[in-house]
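# Examining the three-dimensional arrangement
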Amino acid sequence: MRKLQNVLRTLFTRRLVLTFDKVDFVYPRLSGRRRRNWLLAEPAWALKSDKVWAYPTLLQIEPCNVCNLRCPVCHSVTDGKPQGFLPLDDFKKIMDEVGDDILFLHLWGWGEPFMNKDFFSMVKYAKAKGVQIISSTNGHFFESHGNIDKLIDSGLDVLIVALDGTDHETYEKYRLQGDFERVLSGLRQLVKAKREKGARSPRINLRMLVTRENEDQVEPMKALAREIGVEIFSLKTLCSFDNESKGAELLPCRPEFRRFSYGPEGEPIRTKNTCKKFWNHPTIYRDGTVVLCDYHTGNELSLGNVFDRDGRANFGKIWFGQDFRRARAQFLKGDRQDMRCDRCALNYAGVDRCVSHAFAIEGGGR
């Protein structure tokens, strides 16, 4: 009933609130085209159809899969894939095809987005089409006032900044090759510049990946977020599947900070996989490869390349095509043995557990 009420409210007011990682994104007045796409996109998953009737409401695009850090439980370290950058012209082609329809752009992947020199231009181009955008950074790129000014001027809606501890000893146990003081200093400069410019965006989400090494610092981290002046403080849960031996060592002791529930032998307890990403949140990697979601980091379930032989973007051909339909049908039937879905973390916890807590910081951003 509540979902129906929200749909009716959006139909009459054109106002929509979308929640991602426990943070609300408000669309005060949806365009007719974007509202139509949203109304057609949502029922496909609810009706368990292998056919979709609209572009996805959310889209992830990877600006690059290159990173300056070597965090142990991360695909950019464990996968060994060829690395590179998404060209700005290619990004524009994708946005020219879908930018007037999608609601939300998730602009990061298995790398550090700020290492793509065209990142700010990508954000500005997508914002010009009315898309709301979130991105994430390890925070090593704000020592330059030029980068700070470009970021604020780009119009990015929310920026997640990863800082996993209140001191460099704790922080650097996970963020290998990271520089705690550099991140903290740059973050303070960014907040100061926002205040001086009177800018409301990006909203800064200080994010802490909770591990056994830092779980006793959650409250001090929240105090630090308040002192710095960010708008949001959130806690990300650890997914250990890509490096299980290291992940087991890092797993927090407190259950509220864990992504999964565990059995008596320490094994994660399997539950029903209710993933919606096949219907509303696919991923385009930096080389144009389209996959079901960002958990598919290899090419074992590549559904094609977004760029056709002439170099034009043709995401729709893949999204509405037979291969994607077969993948949805296979997922719905539960026949997932040759799909990464069978091993995906969403078999053990819903997507809402990727972030266990998000706190609005009173007075943040002022």
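Presented here is an overview of the structure given in this document. Keep in mind the model is a prediction, meaning the values are calculated, not measured.

Next up on the list: the overall build of the chain. Within the chain, the secondary structure is distributed over 13 helices and 11 strands. Relative to the 2.2 N^0.38 estimate, which gives 21 Å for 366 residues, the radius of gyration of the chain is 20 Å and therefore close to what a compact globule would have. Referenced to the eigenvectors of the C-alpha coordinate spread, the extents of the chain come out at roughly 55 × 50 × 45 Å. Burial status across the chain gives 55% buried among its 366 residues. Per element, the accessible surface of the chain, about 16600 Å² overall, is 49% carbon and sulfur. Of the charged side chains in the chain, 58 are positive and 48 negative, and the gap between their average positions amounts to 7 Å.

A word on the environment of Val158. Structurally, the position occupied by Val158 is in strand β6 (residues 158-162). The class of Val158 is buried, set by a relative accessible area of 0%. Along the primary structure Val158 and Gly111 are separated by 47 residues, whereas in three dimensions their C-alpha atoms are 18 Å apart.

Now for the pairing of strand β8 (residues 232-236). A large share of β8 lies buried, amounting to 4 of its 5 residues. Examined bridge by bridge, strand β7 (residues 203-209) and β8 share 5 bridges and lie parallel to one another. Looking at β8, one finds that Met208 is bridged to Leu235. A crossover links β7 with its parallel partner β8, the connecting element being helix α9 (residues 218-228), and its sense is right-handed.

Scanning the entire structure with this criterion turns up 18 aromatic pairs. Measuring from centroid to centroid gives 6.3 Å for Tyr55 and Phe315, while their planes differ by 25°, and the two rings are stacked. Here Tyr55, found in the loop between α2 (32-46) and β3 (58-61), pairs with Phe315, found in helix α12 (residues 315-319); they are 260 residues apart in sequence, far enough to count as distant. We classify Phe315 as buried; its relative accessible area is 0%. Note on Trp279 and Phe331: the rings are 6.2 Å apart at their centroids and 65° apart in plane angle, and the pair reads as edge-to-face. Taken together, the residues span a long stretch of sequence, with Trp279 in helix α11 (residues 277-280) and Phe331 in helix α13 (residues 322-333) at a distance of 52 residues. Over the ring of Trp45 we find Lys276, and its NZ or CZ is 4.9 Å from the ring centre. The ring of Trp319 has Arg328 sitting right over it, with the charged end atom 4.7 Å from the ring centre.

Another point: the pattern of salt bridges. With the rule as written, the count across this model stands at 21 salt bridges. Taking the shortest distance from any N to any O, the salt bridge between Asp90 and Lys93 comes out at 3.6 Å. Taken as a pair, Asp90 and Lys93 lie in helix α4 (residues 88-98) at a separation of 3 residues, close to a single helical turn. A relative accessible area of 32% places Lys93 in the partly exposed class. The salt bridge involving Asp323 is made with Arg326; its shortest N-O contact spans 2.3 Å.

Here we come to the sheet that holds strand β10 (residues 290-291). Judged by pairing direction, the sheet is mixed, and its 9 strands sit side by side in the order β10-β9-β3-β4-β5-β6-β7-β8-β11 without closing on themselves. Sheet topology places β10 and β11 (355-360) at the edges, where each strand pairs with a single neighbour. One ladder, built from 5 bridges, connects β6 with β7; its direction is parallel. Counted as the bridge partner of Ile160 is Asn205 from β7.

What follows concerns the packing of α4 against helix α5 (residues 119-127). Between α4 and α5, the shortest axis-to-axis distance is 10 Å and the interhelical angle comes to 15°. Classified by the angle their axes make, α4 and α5 are roughly parallel. The hand of the α4/α5 crossing is right-handed. For the pair α4 and α5, contact is made by Leu88, Phe91, Lys92, Met95 and Asp96 and by Ser121, Met122, Tyr125 and Ala126, respectively. Partitioned by chemical class, the residues of the contact of α4 with α5 number 6 nonpolar, 1 polar and 2 charged.

Conventions used here
Residues numbered from 1 in each chain as written. Predicted model: local features only at pLDDT ≥ 70, side-chain atom pairs only at ≥ 80, totals over all residues. Heavy atoms only, no water. Helix = DSSP H or I, 4+ residues; strand = E, 2+ residues; numbered from the N terminus. Rg over C-alpha atoms; globule rule 2.2 N^0.38 Å. Buried < 20%, exposed > 50% of the residue type's maximum accessible area, 1.4 Å probe, protein only. Areas by Shrake-Rupley, 256 points an atom, 1.4 Å probe, with all protein chains shown as cover. Lys, Arg positive; Asp, Glu negative; His and termini not counted. Charge placed at Lys NZ, Arg CZ, Asp CG, Glu CD. Pairing = 2+ DSSP bridges. Right-handed = clockwise from strand over helix to strand, strands pointing away. Phe/Tyr/Trp six-rings, centres within 6.5 Å; stacked < 30°, edge-to-face > 60°. Lys NZ or Arg CZ within 6 Å of the ring centre and 35° of its normal. Salt bridge = Lys/Arg side-chain N within 4 Å of Asp/Glu carboxyl O. Axes fitted to C-alpha atoms, helices over the stretch in contact; angles between N-to-C directions. Parallel < 35°, antiparallel > 145°, perpendicular 65-115°, else oblique. Left-handed = near helix turned anticlockwise from the far one by under 90°. Contact = heavy atoms within 4.5 Å. Nonpolar A, V, L, I, M, F, W, Y, C, P; charged D, E, K, R; others polar.

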